[in-house]
Amino acid sequence: MSQFSHAAPALRTGWKMWFLNVFAVMFAQTVSADSVSEAPTTIRAPTTVYVPPVPTVQLMSAEWDVFLTEKVELSCSIEGSSGWNFKWFRNEQELQEDSGLLFKGDGSVVMITAEAETQSGAYTCKGEHQTKGVSTKISNKFNIKVNDPPKPTLKLLTPWSDVFVNEAVHLSCDINKSGWMAVWYRDNVNLGGNGKTLEITSASQSDQGEYSCKANLAPRGVSSSLSNTATVKVHASKPKPRLSRDSNFDVMYPGESITFTCMVDVSSGWEYVWYQKKKEISGSNTFRIPSLGPSDSGDYHCKAKRGQNPFYTEDSDVASLQVSDPPTPILKHLTPWSDVFETEEVKFSCEVSSSGWTFTWYKDKVKLDDERSLLSIASVSQSHQGEYSCKANLAPRGVSSDFSNTSTVKVYASKPKPRLSRDSNFDAMYPGESITFTCMVDVSSGWEYVWYQKKKEISGSNTFTIPSLGPSHSGDYHCKAKRGQNPFYTEDSDVASLQVSDPPTPILKLLTPWSDVFENEEVKFSCEVSSSGWTFTWYKDEVKLDDERSLLSIASVSQSHQGEYSCKANLAPRGVSSDFSNTSTVKVYEKVPTPTLNKKPDSNPMYIGEEVHFTCKVDVSSGWNYQWFKNGNSLGKSGDAISIKLDLPDEGKYSCKASRGVKTSTGHSEEKQQVVEEIPVPSLKPVTQWLDVFPGEAVKLRCEMQQKRSVWTYTWYRNGEEVQSCKEVTIDTEGINLSIPSASSSLGGGYSCSGELEGRSVRSNLSSVVTLDVYDAKPKITLVQNPEYSLMHTDDSVSFSCEVSNSSGWDYLWYKDSNLLATSENSHVHNITSGTKADTGSYECQVKRGVKEVYFSDKSEGAKIEVHERPQASIILQTDWSEVFSTDSLLLKCEVVGSNDNWNYTWFREGEQVDPSSEKSEKYTVTPQNDPAQSHYTCKGIRNGRPSYSRSSDSFKTKNLLLKRRILLSISGCLFFGIIAVLLGCIFLRVFRKPASEDEKPDEDNLFLTMAQLKDFTDAPCPLAAYITENDLNTSPKEADDNGTICSETTPLPITSQEDQAVTTGSDGTTENGAGMVSFHT
């Protein structure tokens, strides 16, 4: 920007100050001269009277008493006047626009959206004139009231909220204001009704939910918030009452009381109905029988109902009540006798069929002092002889039984002597024979007998039987009797003698070859003794069989024949039997076993030439013969094992079976499938993506069978020769993967592999060949630059392309000055779309491929570029200040700073290109016609060489410079002619007016001030003040920045702006008075 443009505001302010000083001197001289000839008069300026108008607030909407969400629109207007902006107040507090207040245009209309009751109050407004800076008085008050909509109250009219299917439900929605309708909701979903009651005459599962309602004022579109809620639960099935009783005794007795209770645990409001023997009886939820009798026996149940059209529950479970007479106790004589001897013990028990009873004892109907269930007399005497009975008592329940049966006790005075006898009188007895001794006491009963052999006590009853005599039983026998816990003994009996010798023992033999047999097989035994005359008895598991022959033959055995067999020898006329013979156990299997078939090796598939072995075994019993089958057909082979060298016809299902004797044969064993296949050929595939590689690059090949049913190991070949794992080539343990960490030309060639089945002599043919090509050298990397300029300018674009001579699958790396750039590895192009000086440097590229083992090429040759700053365009104002009186236009010039090249120029106003006819000119003229308002101008240089264009200039703002110059010319002309008119007036007054004498001059106020006094007086207006504003004297920092001003000047002058002039009000409206004078005061 030129120095002229920087100094323009300061020069303009200097001119204004010069004209102001000149006019002030001339005005003072004129007034002074006039004071000589005029009579002393006080001059007063017209008094300015300003009466602010009062705006009027009016309601434009329908309602002022509104509910939340409704809108109220108010207007503020001043009758007969315009050009006002308005402010609004609520309760004398100024309002600001927010979500609940919206001011339209100049604020004359406000839209109030009711959001809270705090918006209620007295609304007023006040006007401020848009140009005169004056304000009105506060308007009239207009009261707005904001109310919450009435919140309804929901009531459940039915006594219960949990109902059952088909029951009725009634709800009401109470609204405490008239004119409102109810809207019903279930689970916050509108049900569509608008009545104040909701009736569900027959509830279903779909009616279950949380009910609420809203109050709705339809004509005004106002709704309340949701009411309280009532939850209605609809049970899917009828409830079943729970029946209980306060007495759970199985049997009740006449005179007792009982109470039944019926309870429904679900919901409420139930009435109860009782039934006895299916006959309805009345009652509440409890049913009491105060005094039971036999007629009260029976089944009781209940059910519940509720509602006017009753809803009935299910029947309760049945409670059975049995009322019967108390049980008659049974008196038992616990000692086995009722006729006793002195010092013996007597015991009685009194028993009933249930527990909880106490007892009362009687002798000859006289009550005894004993309440126990047992009556014990430890040592009887003659006084205890009599008739005994008892009664049972249920004390807690006040129940007493009838008398029990009676028992009579007789007491003897002396001891008895037993009588001894025997049933066999043979002098000698054989072991196994039996003998019975009998000891008898003819008096009383309940005797236990004690036997003695060789004076040694042995136990027994009144008879002493030796069912199977032995030598140890020989000797003398006698007896005596006793009874009671503290025994009472009789006298000893007479003595009886016994002699016993042993019988012979038989021998049992198994005549068939095996003792574990199958059903329908034959078993034979024999039983032998050394002497004749004996018969035989057979036993199974020591249970006698119905056969007395010396041979036992079972032609067709079954499960019932399984067991341990033995025999005895018998002397039939005397009933003598020997001891048991030795035993032989026969085991009978329920079913014929199935052979177990084993195959070795147990592998599928197997391949031609392999050998397979089958074995067949029955784990149960012995003596088996075996047959072999394939696919159900006999192979004609025997023995428990076969071996087969496999060929394709040998594929099939193999089984076996076993047999022994004539009758027994097993079923077929489980089949073993043998699959026979041709030996498969492995598949060879490359793991790396490419088979043309470079020196040092990694390669991986994989060899495996398509069907991985067995464990294979693999052998590798290159050009037909076996490859071993070494430094250059690694092969994993199973031979599946062949890896070349660093390829070389010597490792190229045709690769193949073969498989060998682990643990078996199976080897496959060679796979197909995979050829590996190894280049002699690394790939050549070429870097192409477009365009190929080494010198670039800022904002230029350049593209680099990286090209590889061989193969594929490459990722790209870009470097600048040997530093890796953060760009996509998959892009072979690196673009600089808008260059900066930071892009200066040497660019290279490199390629890589692979994931785990990455192969890198050498870097390309570098492409060096240098980025210079693009030259800057600048606008210069060429119109000089001295030309202000001779021109009404501005001349702007555009030049490229620091450049000696030939440039053409393009001009822009507010970012848009100006007249295309001037687009190549370095100069541009701004006139009032082509720029009537403030505008920003920029320019840019263009040329055919490099760089082809410059940077745009900084923005230049005209700021109405042309208009201001015209105003300055007009003011200057008016001032010049005004000065001439004042000078002529002064000359006229001096010539034609007579000066007054000093005595005639009255005391007067000094209406005219000297220049020194004028400077100190701040209230006097100046005629030039109308043309000079504060904006001219105090240039803002922003304006200075826009036009490049480097300094500012402030002159302390009394200034009156148009906004400060008074407004007077006449009969025909409001007018502005800009010509009023202000008096000077001394």
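A. Expanded view of the environment of L374. By the secondary structure assignment, L374 is in strand β32 (residues 374-377). On the basis of relative accessible area, L374 is assigned to the partly exposed category, the value being 45%.

B. Spotlight on the state of the cysteines. Tallying each qualifying case throughout the model produces 10 disulfides. Note that C173 is cross-linked by a disulfide to C213, the S-S spacing being 2.0 Å. Taking the torsion about the sulfur-sulfur bond, which here is approximately 80°, the covalent link between C173 and C213 counts as right-handed. One end of the pair, C173, is in strand β12 (residues 169-174); the other, C213, is in strand β16 (residues 209-217), and 40 residues separate them in sequence. Both residues of the pair, C173 and C213, count as buried. Bridging C703 to C753, the disulfide has an S-S length of 1.9 Å. When the S-S torsion is 80°, as for the bridge of C703 with C753, the disulfide is right-handed. Note that C703 is positioned in strand β65 (residues 699-704) and C753 in strand β70 (residues 749-757), a separation of 50 residues in sequence. Of the two residues examined, C703 and C753, each falls in the buried class.

C. Examining the confidence of the model for the protein more closely. Confidence along the protein averages 81 in pLDDT terms, with 85% of residues attaining 70 or more. Here residues 1-20 is modelled with pLDDT under 50, and outside its nearest four sequence neighbours on either side it reaches 39 contacts, counting other chains as well. Counting interchain partners and residues more than four positions distant, the pLDDT-below-50 stretch residues 22-43 has 31 contacts.

D. Representation of the nonpolar core. Among the nonpolar cores identified, the biggest contains 26 residues, and L684, L701, W716, L738, I740 and Y751 are the most heavily contacted of them. Put simply, the parts of the chain that give this core at least two residues each are β65, β66 (712-718), β69 (737-740), β70 and β71 (770-774). Grouped together as the second largest cluster of nonpolar side chains are 22 residues, F67, L171, W180 and I200 included.

E. Expanded view of the pairing of strand β83 (residues 904-909). With six bridges joining them, β83 and strand β86 (residues 936-942) adopt antiparallel strand pairing. Residue F908 lies in a different strand from β86, and its bridge partner there is T938. As paired elements, β83 and strand β84 (residues 912-913) share two bridges and run antiparallel to each other. Each bridged residue has a counterpart across the sheet, and for R909 the counterpart in β84 is E912. Hairpin connection between β83 and β84: a loop of two residues separates the two successive antiparallel strands, and E910 in this loop has a positive phi of roughly 50°.

F. Local environment of the pattern of salt bridges. Summed over the entire model, instances satisfying the criterion amount to 28 salt bridges. The salt bridge partner of R397 is E256, with a shortest N-O separation of 2.3 Å. A residue pair is termed long-range when its members are at least 10 positions apart, and R397 in the loop between β33 (386-394) and β34 (399-400) and E256 in the loop between β19 (242-245) and β20 (258-263) qualify at 141 residues. E256 shares its class with R397; the two are buried. Of the charged contacts, one joins K332 and E351 as a salt bridge, the two residues approaching to 3.0 Å between their closest N and O atoms. Residue K332 is found in strand β27 (residues 330-333), and its partner E351 is found in strand β29 (residues 346-351); the two are separated by 19 residues along the sequence. One continuous salt-bridge network, built from bridges that share partners, spans D796, R870 and R946.

G. View of the sheet that holds strand β40 (residues 463-466). In space, the three strands of this open sheet follow the order β36-β37-β40, with antiparallel pairing throughout. Unpaired on one side and paired on the other, β36 (419-422) and β40 mark the two borders of the sheet. Strand-to-strand twist across the sheet, computed as the mean angle between neighbouring axes with direction ignored, equals 15°. Bridge analysis of strand β37 (residues 435-440) against β40 gives four bridges, and the strand direction is antiparallel. Following the sheet pairing, F437 is matched in β40 by F464.

H. Molecular detail of a nonpolar patch on the surface. A grouping of F976, F977, I980, L983, L984, I987, F988, V991 and F992 is seen on the molecular surface, where their side chains present a nonpolar patch of about 1,000 Å² in accessible area. For F992, the location among the structural elements is in helix α2 (residues 961-992). Take F992: its relative accessible area is 59%, and that puts it in the exposed class.

The rules behind these values
- Each residue is numbered by its place in its chain's sequence as written, counting from 1.
- In keeping with the model being predicted, local features are shown solely for residues with a pLDDT of at least 70 and side-chain atom pairs are shown and tallied solely at 80 or more, while totals for entire chains, interfaces and linings include all residues.
- Side-chain numbers here rest on the full set of heavy atoms in the structure, without hydrogens or water.
- Helix and strand definitions follow DSSP, with helices as H or I runs of at least four residues and strands as E runs of at least two, each counted in order from the N terminus.
- Any residue under 20% of the maximum accessible area for its type is buried, any over 50% is exposed, and the rest in between are partly exposed; the area is computed with a 1.4 Å probe on protein chains only.
- By convention in this document, the label disulfide applies to cysteine sulfur atom pairs within 2.5 Å.
- pLDDT gives the predictor's per-residue confidence on a scale running from 0 to 100.
- Note on contacts: a residue pair is in contact if any heavy atoms of the two residues lie within 4.5 Å.
- Throughout this description, the term nonpolar core refers to a set of buried Ala, Val, Leu, Ile, Met, Phe, Trp, Tyr and Cys residues connected via side-chain atoms within 4.5 Å.
- Here, any two strands with at least 2 DSSP bridges between them count as paired.
- Salt bridge, as applied in this entry: a Lys or Arg side-chain nitrogen positioned within 4 Å of an Asp or Glu carboxyl oxygen.
- Between N-to-C directions, angles span 0 to 180 degrees; the directions come from axes that are lines fitted to C-alpha atoms, helices contributing only their stretch in contact.
- Like charges are joined within 9 Å and nonpolar side chains (Val, Leu, Ile, Met, Phe, Trp, Tyr) within 5 Å, but only among residues with over 30% relative accessible area and no salt bridge; these make up the patches.
- Using a 1.4 Å probe, the Shrake-Rupley method yields the accessible areas, and only the shown protein chains count as cover for residues.

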